[in-house]
Structure formats: structure tokens, C-alpha cells
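# Observations on chain architecture
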Amino acid sequence: MSNKKFVRTIVNQKLLPSYFPTHALESGFWEYLGRTVATFGFLEEVLVKAIFSFTATREYPEDEIEDAYSKWRPKLEKSLSDQLGGLIDTYGKAVRDNSSSTIENLNDLLSDLREASKIRNVLCHGSWRTPDKKGASVPFFVNRKKEVFESPIDITFLKKVQNHAVELICAVINTVVHMGWQFPSTSGSGQAIWR
């Protein structure tokens, strides 16, 4: 060790700008980011309900019903705490395993959900940088494949992402109601799955 002296200090929080570290972006940006993230939260809830719907309405041979029922509750409980990527996989399997499913473009829907999940991860887990002159920020985000996110995000981008998430929500709901079932927790048309 050398004989260097270190000047020790701490952050003086009283000198930080109001709303640090979110002070550099306009409040409208944060509103749309919050709305977009909340829409993804609702998408997760819809996927959980769709998983319930497809697993609850699946037909089994008489000799498999008891075993299937014993596995059903743990599957539903796991879905309640699963993240978006896991929910997409579980949903896809539940749809494929239900012989009454009427969706024709399941692979396309699952692909769209997975792509949306990628941007959702950026929005939820990115660290937002100072915006450019147009008000767009490139969040610091690196995925598990070590890919660095480099696209600037502004309010227009957030609105498009939020609208696309709404389209995905409706598409997932449609996979249930198209079979004639009422989507759980709604008063829509169709036969109730559980009373």
C-alpha cells in the first residue's frame, strides 16, 4: 500500500436536484412510461386468467382427471408469481394442450408477446439517461445475452408500445372468448368457467 491519503466524503443529498434521478426528463415522459409499464402489468394479469381458462376447460380422460386436478393448483399458483416470459410459455402450453382451442395463429401471437416482453424489460429495468434535444432518452440496459439497448425512447415511442400492449391484451382475451367462454372476472358474453 502506498502512503496516499484518501479524502473521504459522502453524497450531500440536500444538493441533489428535485426528483433526482428522474429530474432530467419531463413529467409527461414519466406519465407515459408509467402508463406503459402498468399496461404490461395488466397483460400479465390477463395471461394468468387465460392460463386459468385454458387449463380449467381442458378435457381429460376419466382416469386422468384426479391426477390432472392435483397438478392444476400448483400450476395456477406458480402463474400468479411468474414473470412475463414464463407466463408466455405457460400460456402457449395451456393453449396447445386444450383441444377446444380455436386460435389459428398461436405461434404469431406468442412471437409478438415475446418481442413485447423484450421492450417491457427495457422499460421496467433500464436506467434512464439525460434526454437528447428532442426529449428522447436511451436507457442503460443490457440483457442476458449481453446485448446493449441503444434506441432512443420518447413519448411517441411509449405511446406506440402501450397501444401495442393493449392489442396483445385483446388478442389474448379473444383466444378465450372465441371458444365461447366468458373471460374470468368480466361480465362479458360466454359461458362462465367457474362460479
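Whatever comes next refers back to the structure up there.
Residues numbered from 1 in each chain as written. Predicted model: local features only at pLDDT ≥ 70, side-chain atom pairs only at ≥ 80, totals over all residues. Heavy atoms only, no water.

### Things to note about the overall build of the chain
When its secondary structure is counted, the chain shows five helices and zero strands. Along its sequence from the N terminus, the chain presents helices and strands in the succession α-α-α-α-α. What you see for the chain is a C-alpha radius of gyration of 22 Å, clearly larger than the 16 Å of a compact globule of 195 residues, by over 25%. Along the longest, intermediate and shortest principal axes, the C-alpha atoms of the chain span 80 × 45 × 30 Å. The burial tally for the chain puts 33% of its 195 residues in the buried class. Put simply, 62% of the contacts in the chain that link residues at least 6 apart link residues at least 24 apart. Measuring between centres, the 25 positive side-chain charges of the chain sit 13 Å from its 23 negative side-chain charges. (Helix = DSSP H or I, 4+ residues; strand = E, 2+ residues; numbered from the N terminus. Rg over C-alpha atoms; globule rule 2.2 N^0.38 Å. Buried < 20%, exposed > 50% of the residue type's maximum accessible area, 1.4 Å probe, protein only. Contact = heavy atoms within 4.5 Å. Lys, Arg positive; Asp, Glu negative; His and termini not counted. Charge placed at Lys NZ, Arg CZ, Asp CG, Glu CD.)

### Examining a nonpolar patch on the surface
A surface patch of nonpolar side chains, amounting to about 280 Å² of accessible area, comprises V11, L16 and F20. In this structure, V11 sits in the segment before α1 (27-56). Overall, the relative accessible area of 60% leaves V11 in the exposed class. (Patch = residues over 30% accessible without salt bridge, like charges linked within 9 Å, V, L, I, M, F, W, Y side chains within 5 Å. Areas by Shrake-Rupley, 256 points an atom, 1.4 Å probe, with all protein chains shown as cover. Salt bridge = Lys/Arg side-chain N within 4 Å of Asp/Glu carboxyl O.)

### Quick notes on the environment of S101
Locating S101 in the fold gives a position in the loop between α3 (84-97) and α4 (106-125). S101 sits in the partly exposed class, given a relative accessible area of 21%. When the C-alpha atoms of S101 and Y91 are compared, they prove to be 12 Å apart, with 10 residues separating the residues in sequence.

### Re the pattern of salt bridges
Tallied over the full model, the rule gives 10 salt bridges. Taking the shortest distance from any N to any O, the salt bridge between R73 and E77 comes out at 2.9 Å. Of this pair, R73 and E77 both sit in helix α2 (residues 65-81), four residues apart, which is roughly one turn of the helix. Overall, the relative accessible area of 58% leaves R73 in the exposed class. Judged by its relative accessible area of 42%, E77 falls in the partly exposed class. Shared partners join several salt bridges into a network, and the residues in it are R58, K93 and D97.

### Quick look at the packing of aromatic side chains
For the coordinates displayed, the defined rule picks out six aromatic pairs. Between F29 and W128, the ring centres sit 5.3 Å apart and the planes meet at 70 degrees, which makes this aromatic pair edge-to-face. Taken together, the positions of F29 in helix α1 and W128 in the loop between α4 and α5 (155-177) put the pair 99 residues apart, joining distant regions of the chain. On the numbers, 6.4 Å between centres and 85 degrees between planes, the contact of W30 with W128 is edge-to-face. In this pair, W30 is assigned in helix α1 and W128 in the loop between α4 and α5, connecting sequence segments 98 residues apart. Given a relative accessible area of 23%, W30 falls into the partly exposed group. Through pairs of rings, three or more aromatic residues link up here, namely F29, W30 and W128. (Phe/Tyr/Trp six-rings, centres within 6.5 Å; stacked < 30°, edge-to-face > 60°.)

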